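Notes for the structure review
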Amino acid sequence: SSDLALILLTVASASAQTISTKGVDFWLTFMQNSGTPNTYLFFSADSGATVNVYQGTTLLNTLTIPANGNVPYQVMVLSAHQTNSDVVNVKKAIHVTSDKPIALSAFNTELMSTDAAMILPVPALGDKYYVPCYQHYRQTGTSSGLLDWASQFAVIAHADGTVIEITQIGRAHV
């Protein structure tokens, strides 16, 4: 009985993973939003860090993050925002690198619509994801005309030659 408990404890502790939100290499994109979105990155660091923000391979800005500090950065490059669906956009993702570990979050806001995310560093990324979606909403005859809201997701590959497989479970509205 005590041997069985010891084995179970060993198996449980061996399968636990520690995923940190701090790192030095990040990739992200901003999803489509109504109107012209206001997109921001928020950086924080325990010790001072120098951060480079790229769109693809183009350097947008270099920022200094003070020790125990937080720095906002507005992403003004409109081509960094996904504005359509069912397409492959090459070299449009935002790539953030840092000389010391930082935490990174993203914020996309527009009137009556706000998205926020904690961005995971590349070493914390896995290879299997689930995209929970809500039922497609479509309504005509409103004061603004047609409302057509569907779930969406974006895929970013941080390495050349990445192969993506998407398996749909349930119904899709296209």
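Criteria and thresholds
Residues numbered from 1 in each chain as written. Predicted model: local features only at pLDDT ≥ 70, side-chain atom pairs only at ≥ 80, totals over all residues. Heavy atoms only, no water. Core = buried A, V, L, I, M, F, W, Y, C linked by side-chain atoms within 4.5 Å. Buried < 20%, exposed > 50% of the residue type's maximum accessible area, 1.4 Å probe, protein only. Helix = DSSP H or I, 4+ residues; strand = E, 2+ residues; numbered from the N terminus. Contact = heavy atoms within 4.5 Å. Phe/Tyr/Trp six-rings, centres within 6.5 Å; stacked < 30°, edge-to-face > 60°. Pairing = 2+ DSSP bridges.

So, the nonpolar core
One finds L28, L41, F43, V53 and V96 to be the most contacted residues of the largest nonpolar core, which totals 20 residues. Of all the secondary structure elements, the ones that give two or more residues to this core are β1 (22-28), β2 (38-45), β3 (49-55), β4 (58-65), β5 (69-75) and β6 (94-110). Those residues within four positions of L41 in sequence are excluded, and the remaining contacts are L28, F30, V53, V71, P72, Y73, V75, I94, V96, L104, S105 and A106.

Focus on the packing of aromatic side chains
For the coordinates displayed, the defined rule picks out two aromatic pairs. With a centroid separation of 6.4 Å and 75° between ring planes, the pair formed by F42 and F107 is classed as edge-to-face. Of the two residues, F42 sits in strand β2 while F107 sits in strand β6, which places them 65 residues apart along the sequence. For F42, a relative accessible area of 35% puts it in the partly exposed group. According to the relative accessible area criterion, F107 is partly exposed, its value standing at 29%. Ring pairs connect the aromatic residues Y40, F42 and F107, which therefore count as one cluster.

Some thoughts on the pairing of β4
In terms of strand pairing, β3 meets β4 through seven bridges, oriented antiparallel. Bridge assignment links T50 to a residue of β4, and that residue is T64. With antiparallel pairing between neighbouring strands as the criterion, β3 and β4 make up a hairpin whose turn holds two residues, including G56 at a positive phi of roughly 65°.

Concerning unusual backbone geometry
We note that N68 has phi near 55°; this positive angle belongs to a residue other than glycine. Within the fold, N68 resides in the loop between β4 and β5. For N68, a relative accessible area of 66% corresponds to the exposed category.

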